[in-house]
Structure formats: structure tokens, C-alpha cells
Amino acid sequence: MAYLKVERKQSGTYLRILESFRNGSGKPSSRVLYSLGKVEDYKPEELRNIGIRFYELGGGELKTILEGDLIELGRYNYGYQKVFGYALEQYGLRLLLDRLQQKSKLQFSLFDSVFLMLLERLQSPCSKRSNFQHRDEYINLPELSLQHLYRALDKLAQYTELIQQQIFQTGRNLFNQSLDVVFYDVTTFYFASEVEKEGQLRQMGFGKDGKIGKTQVLFCMLIDHLKNPIGYRVFKGNTYEGDTFREALGDLKKRYQIDKVIVVADRGMLSKKNLEITNSKGYEFIIGERLKSLPQKTQQTLLDLKNYHQQWIYKDATGQDVLIRYTTLKQEGKTFITTYSAKRAAKDKQDREDKLQHAQHLLKNPSKINNKATRFFLKSDENQKYSLNEEKIKVSEKYDGFLAISTNNQSMPVAEVLDQYKQLFKIEHSFRTFKSHLETRPMFHWTDQRIEGHICLCYIAFAIQNFVLQKINRDKNVITEKGLRDTLDKMQVSLIENNGAKSYLRSMPTENEKTILQKLGLKPILPIQTQAKFKI
């Protein structure tokens, strides 16, 4: 029996017509009847014409597909299922969820319930009720009920640590890398509610979204330099962000058995207690310093531009070289590295002038000042009359263009320390993904268990999306988060009925789709498949 074989090699994709036969020993074998050469040597229309000719030689009439009674019965997206289903398999999460289903003796598919919510979260985030209502927009998803989605969230909450460990351990294997630098930061997720209940996660606190009067939770995450997630924790909304640092370092020891690593964190994590904890656990740190809070003698040294004899050059987002001057100072077992940038100084000055301009507006409208005085360089006298705080303005000018960090690492070159701290933006970008692309907030869940389950779901979505983007952009950045979503949106099939026979007709693949499937090593689905034999 003859068949077409597609053979992928580094030099290209080869097409050969083979024949199956049994050799002299009676064992099945095959031989090449004809080699069609490389796919890359043909134009798409040439391959299509060859396929049509073969079909017609086999006795088929292609016009029967296009003529007669042709009805579209439905249209479905398959892109999200194909791409993110692959990512879930790579992380072993399907197997893990199936095991948890058996362990919990659930009478419904935990994986199918989580998969539907992930598809919706990655495509167009909405409520769990809407997730359920949109289930028919995907192809061949099994029957589910709304209560299955809510119960699945409860199971995610129950096994969140196990899921985080699975993602971390498998991620290290997938990308074949050792963990040497960890980035840590904190953000807040607010609720569409002002109601708080003592002892629960949802509490009033300082919101990083600028939402006043909303309850919130504190979300803390660890990632590596590739934005691969390491783990996360959820705290009550009124928790001080610096107090989360101890728990995060404890997780590195307890959950992941990581003994030696450099922790990179921003200024909000800085405290004498946190640095002592970091040292006591045997970790090194690169952490932002509050220059204004350092001893005056230290400040005098670090703010004196005569001490800035060394330079560091890095490329910004546009690929342009940026020159930074810096100085170092060893003190109390730490090395302070303070940088100065003329570009940053100009920005600091402009930011202050914008605030002063707003301050002038507030002075003309005192009723609007409320608790904004110190933020806009204002002070009041004993008669509650406001004026500009000239002394504070003058002090602020001293720090224009300066940025200080410190480290207890004794061997890493200064340029590398600076580069690692600069990479901290990646976790800030990760938080933006959680808040914008995945729309983790505002949250509408009430119980701690559902809140934990919702955040775990968003964490899984972040992990598999980051995995897919890394695989695609391994050599160079070709597709963004939005580009990935736009491409997957266009990957659709129509269920058509033609002369009584039902088939799936695939949409025309875009160039981005071809790139994504090639980078992930996935085969494109056939242009036309019968309903009975359809496979994604």
C-alpha cells in the first residue's frame, strides 16, 4: 500500500511516496517509490494543485465539496485548545489534575473543568458563569455543569502548593537551566466590593492600583530571569509588603529545597530584619536602597559626583546605548552601588515640577488638599493655612538622577549586579500580565477558598502562556502576548454539511500561525476532515 511520508530534518521538510510490503522474513517494511523533494521548494499553490490532482486520480470529484447543499452548522475556535493544551501536557498538569480527581473521588473531570476556565482566561477573561456559557465556542469539549467549575476552583485552592511545585520543577527541566537568581515583588488585587470580614483574606489596605475604599489581597511572586514562575503566596489585604519577604524566603528553603540563590527585590522589601533573615538562610541579595534613609555620612559620599569615576553602558528598550556613571561603597558587610543618570535626573526634575504645578492648583482650592499635602510639597501652619514647603523641595533636588542598590555578594562584578537589578522590570511586567491580559482583578469571589482557587487558575494561565511565548521567541522576539492572542483567535474550523456528509473546514492559516506551530513542533490540522475523524 502506498502512502505519503513527511520527513522533517534540519535542512528542510522532505516529501516521499513510500510503499508498505513484507520482506523475505515476513516482517513489515517499506520502500521509497518516489521522492518529491523539499516542501520549501514548492509554492503553496503548487502543493495544493498536486493534492487536487492526486485526489481526482483516486476517483474523487473535488467539486462535490463545493457544490450541492452546503450548510455551515457551527464555527469553533481550536487555536487555544491546540496550543495551550500542548503546554499543559508539557508541564504534566493534565496527569496531575487527573490524579487529584481520583484522589478526591470526584464524579466529574477536574482537568476538563480547569481547561475550559483556562481557555477563557487566556482568550477573553470573564466570570465563571460566562465561562460555562461559552463552552460551546470550543470544539469537542465534554459536557460540564457550572457547579463543576466552582468545585474545580476549590480543588485548585486545596492543592495550590502541589501545583506550584509541579510548574516549578517541570519548568526547570523544560528549559534545562539552573536557578541562580530569583526576582521577588508584591502587588495587590482588588475586589468589586468594600465589605471586609475579620480574619479573611479580603481586607482594606494600601492598593497598588490606586483604588481607594476597595478590599484587596496581597499577591507575592517569585520568578527567574526568563519570567518562569517559581512560586507565589497570597496574604491578607492589610499586610505590609515588607512582612511577606520572610515567607517567600522560607518557601525557597521548604518548598523547593533551594540552598544557594541571589534574591533580587525592590526597595519595598528593604528592612534590617529582612536582610538579617536573608543572611541567616544563606542567601545573597541585590536589593534597592532608600537613599534618603541612609546615614547622612553615607549619603554625603554617595551623592558627591566627584566620586563617580566608573561607567556602565547598557541598551534600552529601543536598542540605544545608555551611559550610567556609578560609585561603590563597602559598609557593614554590604556593597552600596549608586548610579547617576542625566536622563533620570531630567525625569526626576520634570516629575517634581508636575507636582509643584498641581500644588499651585491645590493652593487655589484648599478644600481639595485633604491628605495630599506632603505628596505635593505642601505644609500647613498652626492656622491650617497651606504653602509650599521650600525646604522639602530643595532636599528633593539633591537626589535627582541617583539610584542606590546594595548587595552582600562579594564576587559578582558591579556591571553584572547592576544588570541583574535592571532585570527586576520583568516581574513588574509579569504583574501587568496578571492585571491586564489575564484580568485577575477585580475579583468577585467571596470566600478565601474561591479567592485562592481563582488566583491559582490565573497563575497556571500565566505559566503556560509564558512557556509558549518563550518557545516561540527563543531566537528573537517575533510574537507578543497580544499577537499570540490575535493569532489564536483566527484559528477556527467550521462544521459544514455537504450533500448529507458532515466535515470540518479549517480557516486559512496565517503566517504567525505557521510560525507558532513550527516553533512548538505541532502539526497543522488538515484543511478538511470528516466529523468522525476530526483531530486537533
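Just so you know, these numbers come straight off a predicted model, no measurement behind them.

(A) Looking closely at the packing of aromatic side chains. Inspection of every chain in the model, using the stated rule, returns 13 aromatic pairs. Ring geometry for Phe111 and Phe115: centres 5.3 Å apart, planes at 25°, overall stacked. With a gap of four residues between them, Phe111 and Phe115 both fall in helix α5 (residues 110-123), about one helical turn apart. Taken as a pair, Phe111 and Phe115 share a single burial class, namely buried. Three or more aromatic residues link up through ring pairs in this structure, and these residues are Phe189, Phe219, Tyr232 and Tyr459. Across from the ring centre of Tyr14, 5.6 Å away, lies the NZ or CZ of Lys9, which sits over that ring. Here Arg31 stacks its cationic end above the ring of Phe21, 3.9 Å away from the centre of that ring.

(B) Just the pattern of salt bridges, in detail. Taken as a whole and assessed by the stated rule, the structure comprises 16 salt bridges. In this structure, the salt-bridge partner of Glu89 is Arg94, at a minimum N-O distance of 3.9 Å. Looking at Glu89, the relative accessible area reads 45%, which means it is partly exposed. As a salt-bridge pair, Lys482 and Asp486 come within 2.8 Å of each other at their nearest N and O atoms. Of this pair, Lys482 and Asp486 are both found in helix α17 (residues 481-489), four residues apart, which corresponds to roughly one turn of the helix. Given a relative accessible area of 56%, Lys482 falls into the exposed group. Overall, the relative accessible area of 30% leaves Asp486 in the partly exposed class. One salt-bridge network, in which partners are shared between bridges, spans Glu161, Arg233, Glu247, Asp251 and Arg255.

(C) Main features of the pairing of strand β16 (residues 402-407). Burial analysis of β16 places six of its six residues in the buried class, which makes it a mostly covered element. Neither face of β16 is exposed, since Phe402, Ala404 and Ser406 on one face and Leu403, Ile405 and Thr407 on the opposite face are all buried. By the bridge criterion, four bridges tie strand β10 (residues 284-289) to β16 in an arrangement that is antiparallel. Pairing of Ile286 across the sheet is with Thr407, part of β16.

(D) Broad picture of the pairing of strand β17 (residues 492-498). Most of β17 is tucked away: five of the seven residues are buried. As paired strands, strand β4 (residues 70-77) and β17 are joined by seven bridges and run antiparallel to one another. Bridge pairing in β17 links Glu72 to Ile496. Summarising the sheet, β17 and strand β18 (residues 501-506) pair through six bridges and their orientation is antiparallel. Counterpart to Val493 in the pairing with β18 is Arg506. Here β17 folds back onto β18 in antiparallel fashion, the turn holding two residues, of which Asn499 has a positive phi close to 55°.

So, how was this worked out
Residues numbered from 1 in each chain as written. Predicted model: local features only at pLDDT ≥ 70, side-chain atom pairs only at ≥ 80, totals over all residues. Heavy atoms only, no water. Phe/Tyr/Trp six-rings, centres within 6.5 Å; stacked < 30°, edge-to-face > 60°. Helix = DSSP H or I, 4+ residues; strand = E, 2+ residues; numbered from the N terminus. Buried < 20%, exposed > 50% of the residue type's maximum accessible area, 1.4 Å probe, protein only. Lys NZ or Arg CZ within 6 Å of the ring centre and 35° of its normal. Salt bridge = Lys/Arg side-chain N within 4 Å of Asp/Glu carboxyl O. Pairing = 2+ DSSP bridges.

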